[in-house]
Amino acid sequence: MKQDIADLISTHPLLAGLSVDLIGEVAGCAVNRVWHAGELLITEGEAADTLYLVRRGVVAIEVNAPASGPIVIETVGPGGVVGWSWMFPPYRWHFDARAAGAVGAIAIDAACLRDKADADPELGHRLTFRVAGVLLERLQMTRVRLLDLYGSSRAR
Amino acid sequence: MDPALYRVVANRRETSDVSSLTLAPLKAEMAVAPPRHGQFNMLTAFGVGEAAISVSRSSRLSGRDSGQGLHTAGAGSIVHTIRDVGAVTHALCVASAGSLVGVRGPFGQGWGAEDGDWLAEGDVVVVAGGIGLAPLRSVVDDLAGRSTDASGRLRGRLFVIAGAREQAQVIFADDLARWAALGAIVSVTVDVSTPGWTGHVGLVTAQIAPAGIDPGGARALVCGPEIMMRFTAAALEKLGMDPSRIFVSLERNMQCGLGWCGHCQLGPLILCRDGPIVAYGGAVTHLMRERER
Amino acid sequence: MAWSPRAGDLAVVDVAGLDALIMALADASYDVRGPVVRSGAIEPGPLGGVVDLPRGMRDEQAPGRYDLSDTAGGAFFDWSSSARSWKAELFPPEEELWRARQEPGGNVTFLSTPKASRREPLPLAILGLRPCDFAALGVTDRVFAGAAVPDPRYRRRRDTAFMAVVECGSPGGTCFCSSMGTGPGCEGTDAAPDLVLTEIASGTVADHRFLVRVVSDRGAEVMAAVPTRKATEADRSEREAILSRAAARMGRRLVTEGLPELLLANLDHERWSEVARRCLACGNCTSACPTCFCADVRDTTELSGQVVRRRRWASCFDREHSYLHGGAVRASTSSRYRQWMTHKLATWWDQFGQSGCVGCGRCITWCPVGIDITEEAAALRGAALPAGGGAA
C-alpha cells in the first residue's frame with residue numbers, strides 16, 4: 001500500500017520530480033482518503049495536523065459568518081494543496097475546508113512530516129521551497145482578486 | 001462613414017450592468033458587412049454618441065441559433081453585448097425594442113478562427129473575464145458548430161474558462177451550459193462567492209493548470225481586463241504554450257474605427273486597425289507591461 | 001506660337017509671369033491660396049495675385065519665438081515657413097460628418113450625407129507651400145487616403161487640389177528639413193506636385209525670375225496661359241547654388257540614424273520627466289505640426305433637436321486623448337510628451353512606413369516654453385541608456 005501512496009504523491013504537482021527516496025519518506029507519513037460532498041476536511045480552530053494534496057474533486061476554503069453561513073473564499077481543485085497552518089505554531093486551522101463534491105486527497109500527517117523534514121535537511125529544504133512556490137501563486141492570485149477587476153466599472 | 005440604421009429587435013439584460021442588443025438592419029441594403037469573430041462595431045446612440053462594442057453573435061457567424069431571437073431578427077442581424085460604463089453605453093443598454101441605433105463596422109482584426117479547423121490542430125483554450133466573454137461567444141459557437149461528430153459531440157478539446165465577479169455577473173450562463181453539454185470543458189469561477197454558488201471561487205488562472213491542457217499545439221484566446229489578460233497569458237506560457245499562439249483582445253480609446261483619429265494607439269499599433277485581437281508573443285508582451293503607453 | 005512647357009519641362013517666368021500663373025489658376029476655377037501676411041505672421045490665405053504675397057518679408061524663428069519684419073527687399077519668398085502649415089486646408093480643424101433628425105417616434109433621418117452636403121466647394125490650388133509642407137501632405141496622405149477605408153473628405157480635397165511648391169532658399173532658425181530629407185529642394189517625393197518653383201531674386205529687378213518645373217499634365221495646362229521661356233544651364237546652376245546654400249543654413253539638425261530604435265529603447269529615460277517639467281501640455285506643437293492628424297469624434301444635440309457628429313482636431317497632449325472607462329492611459333505629461341515624440345519619430349514608421357516628422361520646425365517655434373524636438377532627441381542620444389537598461 002505504501003508503494004501506491006508513493007506513486008500518487010509523485011504524480012501530484014507539489015512533490016512531482018522529487019527523488020524516489022524523498023517521495024518514500026513523505027509516503028511514510030501519508031494516507032489516501034476520500035470525503036463526501038459537504039464533509040469538512042479542516043475545521044477552524046482545531047489542531048492543524050495534516051497537509052492535503054487534492055487528487056480529485058474540489059475543496060472549498062470557507063469561513064463561517066453568523067448570519068450568512070459559510071462564505072467560500074477560494075476553491076482548490078485537482079493538483080492543489082490545502083492546509084498550511086501545520087507549519088507554524090500554534091498549529092491551529094484558520095479556515096474551514098469542505099468537500100464541494102466527492103473529494104480524493106492524500107492526507108499527510110503534519111507531525112510526521114515536520115519530524116522527517118527536521119531529520120533530513122534535503123527533504124526540509126525542498127519541501128519548504130515547493131510549499132513556498134504554491135503559497136506565492138496563491139498570494140499572487142489573491143492580490144489580483146483584491147483588484148476587483150470585473151467589479152466596479154471605475155476599476156480596471 | 002455614416003452609421004447604418006439598425007432596429008433594436010430585442011434587449012436582453014444579461015446582468016445588472018450588461019445588456020445584449022439584437023439589431024437588425026432597417027433596410028437590407030444598408031446592412032454592414034458580416035463581422036469576423038472578434039471584430040467590433042461602432043454603435044451610435046443618437047444624440048448621445050458612439051462607442052466601440054463587441055459583436056457577441058451574428059446570424060451569419062454562428063452555425064446555430066440559440067434562442068437569442070436571431071431567427072425572428074432575420075438575416076444580417078447582430079448581437080452586441082454592452083456594459084454600462086458611460087453615457088453612450090448606458091443609452092445603448094437601456095435602448096428599448098423598436099428603437100434605432102447606428103452601426104458602423106465591422107472594424108479591426110478578429111481571432112482568425114474562420115481560417116482553419118482549429119479543434120483538429122490542438123487544444124483550444126478560451127479564457128474570458130467578465131464581459132470579455134462577449135467577443136468570444138461567436139468563436140466558441142462557430143468552433144462547436146463546425147467540429148461536432150455524428151452524435152453531436154465536439155471533435156477535439158475546447159476549454160472555456162470564464163471568470164466573473166460573482167454569480168449574478170456571469171454572462172451567457174445558458175451558452176456556457178450548452179457548450180458543456182456538447183463536450184467542451186467549461187469552468188466558471190467567481191471572485192466572490194454568494195449563497196447558492198457551488199462552482200469555483202478564485203482567479204481564472206487557477207483553472208488553467210488543473211484543466212489538463214496539452215500546451216503543444218494549443219491556441220488560447222483571452223479577453224478581459226488587461227491585468228487579467230497579462231496574468232492569464234503568463235499562466236499559459238508557464239504551462240508551456242507558445243506565446244505567439246496566445247491571442248489577447250486589447251482596448252484603447254476607439255473613436256473612428258478606421259485608423260484616422262489616432263486615439264487607439266498603443267506604441268506601434270493602431271488598435272482599431274491592427275487589433276483589437278493581437279498575438280501576445282513578442283512586442284505585445286512588452287507593450288502590455290509598459291506604463292502609460 | 002510661343003513655347004509652352006509640357007510635363008517634365010523646366011521653364012522660366014518673370015514676376016509678371018508668376019502673376020499670370022495665379023490668374024491662370026483662378027481662371028481654371030481653383031480656389032487659389034498662398035502665403036499672405038496676416039496678424040504679423042505669414043499664413044495661408046486667399047491669393048489674388050503677386051500683390052498678396054509677402055514680398056520683402058523675412059521671418060525670424062527660434063524656440064518659442066516668431067518675428068516678422070519687412071526688409072523692403074524684392075523677393076516674394078525670402079522667409080522660411082508659414083506660421084501655420086497647410087494641414088487645415090485639407091483636414092479642417094472642425095468638420096461636420098453628418099446631421100440627423102431624431103423624431104419623437106424614434107425615427108432617425110439623415111439630413112445630409114457627405115456626398116450631397118452643401119454646394120461642392122471649388123478645388124484648391126496652393127501656390128507657395130514649402131517642400132517640407134508638401135512632404136507633410138505625403139505623410140497625411142498615407143494616414144487618410146492610404147487607410148483601408150480612405151477618408152473621402154480628405155481624398156476629395158487632396159485629389160482635386162493643385163500644388164505649386166516653392167523651393168526654400170531661406171531656411172529659418174528652427175528648420176531641419178535637410179535632416180529629414182524633405183527639403184530645401186523638392187525632388188522626388190511619394191506624391192508629385194503639379195509645379196515646383198524656385199525663386200531667383202539675387203540679381204537686378206529685371207532679372208527677378210522663377211524657375212518652374214512642370215511635373216503634371218495639369219500643371220502644363222495651367223502653364224499654357226503663362227508667358228515663359230525655356231530654362232538655361234545658367235538657370236539650373238543658379239537653382240542648385242540657392243538650394244545648397246539653403247541646406248547649409250539649416251537652424252537645426254536631427255540625427256535620424258537608428259533614431260526609432262534609440263527612442264524605443266529609452267522609454268524609461270529620466271529625460272522624459274525632465275522635459276515634462278517644462279511642457280505645459282498645451283498642444284501647440286500638435287496644432288502647428290503639419291502631420292499631426294489626431295481628431296475627436298463628438299456627437300451633440302442642437303437646440304433644433306438635430307443630432308450632429310463633428311470631427312475636431314485633438315491632441316495627444318490632452319489627458320482625454322487616451323481616455324478609457326476608468327481614466328486616462330497616459331495620465332502624466334511625461335508619458336504624453338513621450339507618446340508624441342516617439343510616435344512622430346519612431347512608431348510612425350511601424351504604422352505608416354515613414355517618419356511622421358518633416359523637419360519644418362514649427363513645434364519648436366510655437367512651443368511657449370521652447371521645447372526643441374531636435375534637442376530632446378540629441379539629449380537622449382547623448383545620454384542613452386545601455387541596451388536593455390532602465391532608469392533607476
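See the structure shown above.
First, a word on scope: everything that follows refers to the structure included in this document. Not measured: the values here are computed from a predicted model. (Residues numbered from 1 in each chain as written. Chains lettered and ligands numbered in written order. Predicted model: local features only at pLDDT ≥ 70, side-chain atom pairs only at ≥ 80, totals over all residues. Heavy atoms only, no water.)

### Quick notes on the overall build of chain A
Here comes step 1: Of regular secondary structure, chain A possesses four helices and eight strands.
Here comes step 2: For chain A, the sequential pattern of α-helices and β-strands runs α-α-β-β-β-β-β-β-β-β-α-α.
Here comes step 3: Over its C-alpha trace chain A gives a radius of gyration of 17 Å, about what one expects of a compact globule, namely 15 Å for 156 residues.
Here comes step 4: Counting only C-alpha atoms and orienting by the principal axes, one finds that chain A spans roughly 55 × 30 × 30 Å.
Here comes step 5: Carbon together with sulfur atoms contributes 58% to the accessible area of chain A, which is approximately 7900 Å² in total.
Here comes step 6: Between the centroid of the 15 positive side chains of chain A and the centroid of its 18 negative side chains there is a distance of 7 Å. (Helix = DSSP H or I, 4+ residues; strand = E, 2+ residues; numbered from the N terminus. Rg over C-alpha atoms; globule rule 2.2 N^0.38 Å. Areas by Shrake-Rupley, 256 points an atom, 1.4 Å probe, with all protein chains shown as cover. Lys, Arg positive; Asp, Glu negative; His and termini not counted. Charge placed at Lys NZ, Arg CZ, Asp CG, Glu CD.)

### What to know about the nonpolar core
Here comes step 1: By size, the foremost hydrophobic cluster in this structure holds 73 residues, and its most contacted members are B:Val222, B:Val248 and B:Leu250.
Here comes step 2: Residues contacting B:Val222, with those up to four places away along its chain left out, are B:Trp111, B:Val127, B:Met228, B:Met229, B:Thr232, B:Leu236, B:Ile246, B:Phe247, B:Val248 and B:Ser249.
Here comes step 3: A:Leu14, A:Leu22, A:Val76 and A:Val82 belong to the second-largest nonpolar core, a separate cluster that totals 40 residues. (Core = buried A, V, L, I, M, F, W, Y, C linked by side-chain atoms within 4.5 Å. Buried < 20%, exposed > 50% of the residue type's maximum accessible area, 1.4 Å probe, protein only. Contact = heavy atoms within 4.5 Å.)

### Re the sheet that holds strand E14 (residues 306-313) of chain C
Residue and element names in this part refer to chain C.
Here comes step 1: One open sheet accounts for four strands, arranged E7-E6-E14-E13; its pairing is antiparallel. Both outer strands of the open sheet, strand E7 (108-112) and strand E13 (295-301), are each paired with one neighbouring strand and no more. Across this sheet, the average inter-strand angle for adjacent strands is 25°, counted without regard to direction.
Here comes step 2: Alignment of E13 against E14, held across seven bridges, turns out to be antiparallel. (Pairing = 2+ DSSP bridges. Axes fitted to C-alpha atoms, helices over the stretch in contact; angles between N-to-C directions.)

### Describing unusual backbone geometry
Note on backbone geometry: most residues besides glycine have negative phi, and most peptide bonds are trans.
Here comes step 1: For the peptide bond that leads from A:Pro89 to A:Pro90, omega is 5°, which places it in the cis range.
Here comes step 2: The topology assignment puts A:Pro90 in the loop between strand E6 (81-82) and strand E7 (96-99).
Here comes step 3: The step from B:Gly105 to B:Pro106 runs through a cis peptide bond, and the omega angle for that step is -10°.
Here comes step 4: With respect to the helices, strands and loops of the structure, B:Pro106 is situated in strand E6 (residues 100-107).
Here comes step 5: Although it is not a glycine, B:Phe172 adopts a positive phi angle of roughly 60°.
Here comes step 6: Even without a glycine there, the phi angle at B:Glu292 is positive, about 55°.

### A word on the environment of A:Ala110
Here comes step 1: One can find A:Ala110 in helix H3 (residues 110-119).
Here comes step 2: Sequence-wise, A:Ala110 and A:Ala48 are 62 residues apart; in three dimensions their C-alpha atoms are separated by 7.8 Å.

### Quick look at the pairing of strand E12 (residues 246-249) of chain B
Residue and element names in this part refer to chain B.
Here comes step 1: Burial along E12 is two-sided: Ile246 and Val248 and Phe247 and Ser249, pointing in opposite directions, are all buried.
Here comes step 2: As paired elements, strand E11 (residues 219-223) and E12 share three bridges and run parallel to each other. Its bridge partner being in E12, Leu221 is matched across the sheet by Phe247.
Here comes step 3: Note on the crossover from E11 through helix H6 (residues 226-238) to E12: the handedness is right-handed.
Here comes step 4: In the sheet, E12 pairs with strand E15 (residues 277-279) via three bridges, with the strands oriented antiparallel. Looking at the pairing, Phe247 lines up with Ala279 of E15. (Right-handed = clockwise from strand over helix to strand, strands pointing away.)

### Focus: the pairing of strand E4 (residues 59-65) of chain A
Looking along a regular strand, one sees the side chains alternate between the two faces of the sheet.
Residue and element names in this part refer to chain A.
Here comes step 1: Counting buried residues in E4 gives five out of seven residues, a clear majority hidden from the surface.
Here comes step 2: Across seven bridges, the pairing between E4 and strand E5 (residues 69-76) is antiparallel. Among the inter-strand pairings, Glu62 is bridged to a residue of E5, identified as Val72.
Here comes step 3: In this structure, the hairpin formed by E4 and E5 is closed by a connection of three residues.
Here comes step 4: With four bridges joining them, E4 and E7 adopt antiparallel strand pairing. Paired with Glu62 across the strands is Asp96, a residue of E7.

### Some words on helix H9 (residues 271-278) of chain C
All names here are of chain C.
Here comes step 1: Every buried residue of H9 is accounted for by Arg271, Trp272, Val275 and Ala276. Considered in projection along H9, the buried side chains sweep an arc of 140° and stay on one side of the axis.
Here comes step 2: Against the buried residues of H9 lie helix H8 (259-264), helix H11 (333-352) and helix H13 (373-382). (Arc of directions from axis to C-beta.)

### Looking at the interface of chain B and chain C
Here comes step 1: If you look at the interface, chain B gives 34 residues, while chain C gives 48 residues.
Here comes step 2: Carbon and sulfur atoms make up 51% of the area that chain B and chain C hide from each other, which totals about 3300 Å².
Here comes step 3: Three residues, B:Trp260, B:Glu292 and B:Arg293, lead the burial of chain B against chain C; their summed loss comes to 24% of the area buried on that side.
Here comes step 4: Our enumeration of links across chain B and chain C arrives at one salt bridge.
Here comes step 5: One salt bridge in this structure joins C:Arg309 and B:Glu50, with 3.1 Å as the shortest N-O distance.
Here comes step 6: Listing elements by their share of the side of chain B that touches chain C, those giving two or more residues are strand E1 (4-15), strand E4 (49-58), E6 and strand E14 (269-270) of chain B. (Buried area = accessible area lost by both parts, 1.4 Å probe. Salt bridge = Lys/Arg side-chain N within 4 Å of Asp/Glu carboxyl O.)

### Examining a negative patch on the surface
Here comes step 1: Together, A:Glu46, A:Asp49, A:Asp109, A:Asp115 and A:Asp118 line one region of the surface with negative charge.
Here comes step 2: Within the secondary structure, A:Glu46 is located in the loop between strand E2 (40-42) and strand E3 (50-56). (Patch = residues over 30% accessible without salt bridge, like charges linked within 9 Å, V, L, I, M, F, W, Y side chains within 5 Å.)

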